[in-house]
Amino acid sequence: LIVAFEQNATKWDPAWPALGSYPRPKCLDLIRTDARSQGAHPPGPWCPYCYNWDGVDAVVSAAAGGSSGSAFGALVYAANNGAGAVPAQAAAAGFSYIYVTDAPFESPWSALPSYWCDLLSAAGLPPSSSCPPLVSVATSAAWLASRSAESASAATAGSLVSYDPPAGTAGSWWRDRAYAYDQAAAAVALLLHGDAQLQPTVEAILQGVSAALVWEQDASIAAAPFYWDVTSGAASATRFTGAHAWVTYAFALFELLTGSREHAATLDALCGWLAARYDNSTDKECFVGGANVAWCSTEHHIDIYFALSLSAWLRRSDALDSLARAAAAALVGPLWHAGEARFNQGLGDSSSALDCQTWGALFLLGHNATTGAAAAMPASERGERAASALAYMHSTFYAKQQAPATGRLARGYAPYEAPPGQTKAVWGEGSYGAVLAFERSASHEAAEADLLAGVAPLSLASGAVLYAANETVVNGEGATFFDWPSVASTAWRVLASAPFASIFWNESAYAEVNGTGMPTYTAAPTAQPPPPSLSPSPPPAPPPPDAPSPARARRRHAPRPRRASCL
C-alpha cells in the first residue's frame with residue numbers, strides 16, 4: 001500500500017470548505033503561483049503537485065491505470081464535509097483506500113469522524129450499531145399528513161399544527177398554531193411528492209387555509225393571516241406578503257396539477273391582495289411587505305414572482321403577468337448586490353440571509369424571462385449569478401452543530417451570519433432549500449449529495465425534521481431557533497427529494513404537467529364554497545407575538561418559534 005497523500009483538506013482542495021469561485025480555481029492558482037505555466041491537477045490526492053514540475057506524472061498515471069503493483073491510499077484531515085466529494089475524488093484518481101476525518105491534523109485518530117455513518121452509507125457498507133437507520137422521505141410525507149389529523153377546530157379542520165414542542169414547554173400556544181407559510185409549503189411538497197393517496201391531505205390543508213382567510217372588499221380580495229389557532233379558530237391580525245404569496249402559489253399549483261377549479265375564486269381573490277401590495281412610486285417600484293408596511297423584501301419578491309407568474313399562466317392574464325415581471329425586474333435590479341455578487345435582504349438593505357441566496361438562485365434558474373425588464377438578461381448571466389449567490393451562501397452560512405435529539409452532528413446552513421462568538425444554527429428548512437438549489441444548479445452534484453448526508457441527522461424516526469439541530473440564538477436581536485419537529489422543515493425535505501420537484505418554481509414546466517410521468521390527480525367534485533361573511537375576524541390567540549422589526553420580517557414569512565420573534 002502506497003500512502004500518497006497525508007495532509008489537511010486544504011491541500012486536497014485549496015478552496016475548502018467554500019465552493020469557490022466559478023470557474024473553480026485550480027490548485028495551481030493557490031499553491032504554486034510561480035509556476036502557472038506548468039498546469040495543475042484538479043482537487044484530489046494529486047492537487048498539491050504541478051505537471052512537469054514535481055515529477056509525479058508517472059506515479060499519477062500508474063495510480064489511475066492500476067499498473068504500479070501496489071494499492072494507493074490517502075489520509076485526509078480537517079475535512080468538514082468529507083463524506084461528500086472526497087471519496088469520489090479519491091476513487092477517480094485510482095485510490096483504493098481512504099481515511100477522511102473532520103478531526104485536526106494534530107490529533108486525527110482521537111475519535112471517529114462525525115460523519116462516520118454517512119461515510120459507511122456512501123461506500124455502500126452496512127451501518128455500524130451506533131448508526132441510526134435512515135428515515136425515508138415517504139415517512140416524512142406521512143408525518144406531514146398526520147399533523148393534519150391533529151387540528152381540533154371545525155373551522156380550520158385540515159390545518160397542520162406547525163410545531164411539536166416537548167411536553168412542559170413554556171407557551172402552550174405553539175402546540176395549537178398553524179402558520180400560513182407552513183400550510184402552503186406542506187401542500188406544495190405533498191403535491192409534488194406525487195402520492196395520490198396523499199391528495200385528500202392536500203385538499204384538507206387547502207380547505208383549512210380557505211377557512212382562515214380574511215375576505216375584503218365585498219369578497220373580491222382575500223388575505224392570508226400570519227397564523228391561526230387550530231383549536232379556537234382565532235387568527236392573527238398580521239398579514240405578510242411572503243406567506244400570502246406562498247398560499248397563493250399552493251392554490252395555483254393545485255389547479256395546475258389537478259385541473260380542478262374548485263378553488264378558482266379563492267385564487268383570484270388571493271392574487272387581488274398581492275396586486276394591491278405593489279408600490280409603483282419612483283423611489284420603490286416594488287411590493288411592500290404587507291398591509292401598512294413600507295419595506296420591500298427580496299424573499300417576498302421571489303415568492304410573489306412565482307405565485308403571480310403561475311396564476312397569470314392559468315388565467316392567461318396580462319395584468320398578473322405584468323405584476324410578475326415587475327417583481328422580476330426588482331430582483332435582477334435593486335435587490336441584487338452587484339459588488340458582492342449576491343442578493344440583498346431587501347430594498348435599501350444590503351445585509352444578507354440564507355434564503356435570499358438559495359431562493360434567489362432558484363428564481364434565476366427557474367424563471368423564463370421572455371418579457372419585461374428581466375428579458376434583457378441572457379440565460380448564461382442568470383446562471384452565473386445563481387452560481388455566485390450559492391458560492392456566497394456556502395462560504396457565509398455553512399455550519400456544523402450537534403443534534404441532541406438524534407445524537408449526531410448535523411452539517412448544513414445557518415439562516416444568518418452569526419455575530420462573533422455566537423454559534424451558527426444548522427437550520428433544517430433552509431438547508432433543504434439549499435439542497436434544491438444545488439440540484440438545480442450545474443456542477444453541484446457533489447455538494448448536493450454531501451448536504452443531503454449532512455442534514456440527515458435532523459430527521460427523527462417519525463419522519464419529522466427538526467427546525468434546528470439544537471436550540472440556538474441566531475442573531476443579535478435574540479431570535480431563537482428551537483430543535484422541535486417542524487412542518488416547514490419536514491415539508492422542505494419532502495420537496496427537495498420529490499419525484500416532481502422540477503415543477504416547483506419552474507416556468508418552463510407549466511405547459512408540460514400533463515406529459516409522461518406526471519402524477520395523476522383527480523379533481524375534487526365539490527364546488528367552490530361561498531366566501532365567509534365579512535364579519536370582523538376573532539382576536540388573535542393570546543399571547544400574540546411582538547410585531548417583528550423590518551430587519552427580521554422582511555426576509556421571513558412568519559415568526560417561527562423563536563420566543564415571539566421572527567426572521
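Residues numbered from 1 in each chain as written. Predicted model: local features only at pLDDT ≥ 70, side-chain atom pairs only at ≥ 80, totals over all residues. Heavy atoms only, no water.

Asker: How should the overall build of the protein chain be read in this particular structure?
Answerer: When helices and strands are tallied, the protein chain shows 18 helices and 17 strands. Put simply, 65% of the contacts in the protein chain that link residues at least 6 apart link residues at least 24 apart. Of the accessible surface of the protein chain, which amounts to about 21,100 Å², a share of 54% is contributed by carbon and sulfur atoms. (Helix = DSSP H or I, 4+ residues; strand = E, 2+ residues; numbered from the N terminus. Contact = heavy atoms within 4.5 Å. Areas by Shrake-Rupley, 256 points an atom, 1.4 Å probe, with all protein chains shown as cover.)

Asker: I would appreciate a short explanation of the packing of helix 8 (residues 199–212) against helix 9 (residues 241–258) in the present structure.
Answerer: Between helix 8 and helix 9, the least distance of the axes is 11 Å, while the angle of their chain directions is 140°. It follows that helix 8 is oblique to helix 9 by the angle criterion. Between helix 8 and helix 9 lies a crossing of left-handed hand. Contacts between helix 8 and helix 9 involve Gln199, Val202, Glu203, Leu206, Val209 and Ser210 on the former and, on the latter, Val247, Ala250, Phe251, Phe254 and Thr258. (Axes fitted to C-alpha atoms, helices over the stretch in contact; angles between N-to-C directions. Parallel < 35°, antiparallel > 145°, perpendicular 65-115°, else oblique. Left-handed = near helix turned anticlockwise from the far one by under 90°.)

Asker: What am I meant to see in the state of the cysteines here?
Answerer: The bond known as a disulfide is covalent and runs between the sulfur atoms of two cysteines. Scanning the model with the defined rule gives 1 disulfide in all. Disulfide pairing is shown between Cys286 and Cys296; the S-S distance is 2.0 Å. When the S-S torsion is 55°, as for the bridge of Cys286 with Cys296, the disulfide is right-handed. Taken together, the positions of Cys286 in strand 9 (residues 286–287) and Cys296 in the loop between strand 9 and helix 11 (298–315) put the pair 10 residues apart, joining distant regions of the chain. Cys296 sits in the buried class, given a relative accessible area of 2%. (Disulfide = S-S within 2.5 Å. Buried < 20%, exposed > 50% of the residue type's maximum accessible area, 1.4 Å probe, protein only.)

Asker: Could you clarify how one ought to interpret the nonpolar core in this entry?
Answerer: Soluble globular proteins: nonpolar side chains tend toward being buried together. In this structure, Leu192, Trp246, Leu253 and Phe504 are the most contacted members of the largest nonpolar core, which totals 141 residues. When residues in this core are grouped by element, the largest group, 12 residues, is from helix 9. (Core = buried A, V, L, I, M, F, W, Y, C linked by side-chain atoms within 4.5 Å.)

Asker: I'm lost on the packing of aromatic side chains in this one. Help?
Answerer: For any two aromatic rings, the description comes down to two numbers: the centre-to-centre distance and the angle of the planes. Inspection of the entire model under this criterion finds 40 aromatic pairs. Here the aromatic cluster, defined as three or more aromatic residues joined through ring pairs, consists of Tyr163, Tyr179, Phe226, Tyr227, Phe240, Trp295, Trp427, Tyr467, Phe481, Phe482 and Trp484. Over the aromatic face of Trp273 sits the side chain of Arg277, whose NZ or CZ is 4.2 Å from the ring centroid. (Phe/Tyr/Trp six-rings, centres within 6.5 Å; stacked < 30°, edge-to-face > 60°. Lys NZ or Arg CZ within 6 Å of the ring centre and 35° of its normal.)

Asker: Could you clarify how one ought to interpret the packing of helix 13 (residues 354–366) against helix 14 (residues 379–397) in this entry?
Answerer: Helix packing for two helices is described by the angle between their axes and how far apart those axes are. At a closest axis distance of 9 Å, the pairing of helix 13 and helix 14 adopts a crossing angle of 160°. When the axis of helix 13 is compared with that of helix 14, the two are roughly antiparallel. For the element pair helix 13 and helix 14, the recorded crossing hand is left-handed. Where helix 13 approaches helix 14, its residues Leu354, Gln357, Thr358, Ala361, Leu364 and Leu365 are matched on the opposing element by Arg382, Gly383, Arg385, Ala386, Ala389, Leu390, Tyr392, Met393 and Phe397. Of the residues belonging to the contact of helix 13 with helix 14, the class tally is 10 nonpolar, 3 polar and 2 charged. (Nonpolar A, V, L, I, M, F, W, Y, C, P; charged D, E, K, R; others polar.)

Asker: Please explain the sheet that holds strand 2 (residues 72–77) as it appears in this structure.
Answerer: Sheet strands pair via backbone hydrogen bonds, and the direction of the pair is either parallel or antiparallel. A sheet is described by the order of its strands in space; here 3 strands give the open sequence 1-2-3, paired in parallel fashion. Edge strands, defined here as strands with exactly one partner in the open sheet, are strand 1 (2–8) and strand 3 (97–100). Between one strand and the next, the sheet's axes are offset by a mean angle of 10°, whatever the strand orientation. Two strands pair when backbone bridges link them, and strand 1 and strand 2 are joined in this way by 6 bridges, in the parallel orientation. In the sheet register, Asn8 faces strand 2, and the bridge partner there is Tyr77. (Pairing = 2+ DSSP bridges.)

Asker: Before we go on, may I ask you to explain the pattern of salt bridges in this structure?
Answerer: Oppositely charged side chains can form a pair if their charged atoms are brought close together. For the coordinates displayed, the defined rule picks out 8 salt bridges. When the shortest N-O distance is used, the salt bridge between Asp321 and Arg325 registers 3.4 Å. In this pair, Asp321 and Arg325 both sit in helix 12 (residues 318–332), 4 residues apart, roughly one turn of the helix. On the accessibility criterion, Asp321 (23% relative accessible area) is partly exposed. For Arg325, a relative accessible area of 10% puts it in the buried group. (Salt bridge = Lys/Arg side-chain N within 4 Å of Asp/Glu carboxyl O.)

Asker: What exactly am I supposed to notice about the confidence of the model for the protein chain here?
Answerer: Caution is warranted with low-pLDDT regions, since their predicted coordinates should not be read in detail. Here the protein chain averages 81 in pLDDT, and 78% of its residues register 70 or above. Residue range residues 17–24 is modelled with pLDDT below 50. Its contacts to residues more than four positions away, or to other chains, number 19 contacts. A low-confidence stretch, residues 522–567 (pLDDT under 50), is modelled with 139 contacts involving residues beyond four sequence positions or located in other chains. (pLDDT = per-residue confidence, 0-100.)

Asker: What is the right way to look at helix 8 in this model?
Answerer: Think of an α-helix as turning once every 3.6 residues; residues three or four places apart then point the same way. The end-to-end C-alpha distance of helix 8 is 20 Å, a good match for the 20 Å that 14 residues give at a rise of 1.5 Å each. Across the 14 residues that make up helix 8, a large majority, 10, are buried. Listing the buried residues of helix 8 in full gives Gln199, Thr201, Val202, Glu203, Ile205, Leu206, Gly208, Val209, Ser210 and Ala212. On the buried face of helix 8, the contacting elements are helix 6 (137–148), helix 7 (180–193), strand 5 (214–216), strand 7 (227–229), helix 9 and helix 10 (264–275). (Expected span 1.5 Å × (residues − 1).)

Asker: Hey, could you run me through a nonpolar patch on the surface in this one?
Answerer: Residues Leu1, Val3 and Tyr97 make up a contiguous nonpolar surface patch of about 350 Å² in total accessible area. Mapped onto the secondary structure, Val3 falls in strand 1. (Patch = residues over 30% accessible without salt bridge, like charges linked within 9 Å, V, L, I, M, F, W, Y side chains within 5 Å.)

Asker: Which parts of the structure should I look at to understand the environment of Gly65?
Answerer: Looking at where Gly65 falls in the secondary structure, it is placed in helix 3 (residues 57–65). C-alpha of Gly65 to C-alpha of Gly94: the two residues are 29 residues apart in sequence and 7.1 Å apart in space.

Asker: I'm lost on the environment of Thr201 in this one. Help?
Answerer: With respect to the helices, strands and loops of the structure, Thr201 is situated in helix 8. Since its relative accessible area comes to 13%, Thr201 is described here as buried. Apart from the residues within four sequence positions on either side, Thr201 is in contact with Ala145, Ser148 and Leu190.

Asker: Any chance you could explain the side chain of Glu262 here in plain terms?
Answerer: Summarising the element assignment, Glu262 is placed in the loop between helix 9 and helix 10. Within the local environment of Glu262, its side chain forms a polar contact with the side chain of Gln207, the two groups lying 2.9 Å apart. (Polar contact = N/O pair within 3.5 Å; in protein donor to acceptor, adjacent residues only side chain to side chain.)

Asker: Is there a simple way to think about the environment of Ser236 in this case?
Answerer: Locating Ser236 in the fold gives a position in the loop between strand 7 and helix 9. Taking the C-alpha atoms as reference, Ser236 lies 9.7 Å from Tyr179; in sequence the two are 57 residues apart.

Asker: Would you mind showing me how to read the pairing of strand 2 here?
Answerer: Remark: a regular strand shows side chains that alternate across the two faces of the sheet. Most of strand 2 sits inside the fold, with 6 of its 6 residues counted as buried. Because side chains alternate across strand 2, one face comprises the buried residues Phe72, Ala74 and Val76, and the other comprises Gly73, Leu75 and Tyr77, equally buried. Note that strand 2 and strand 3 share 4 bridges and pair parallel. Across the sheet, the residue bridging to Gly73 is Tyr97, located in strand 3.

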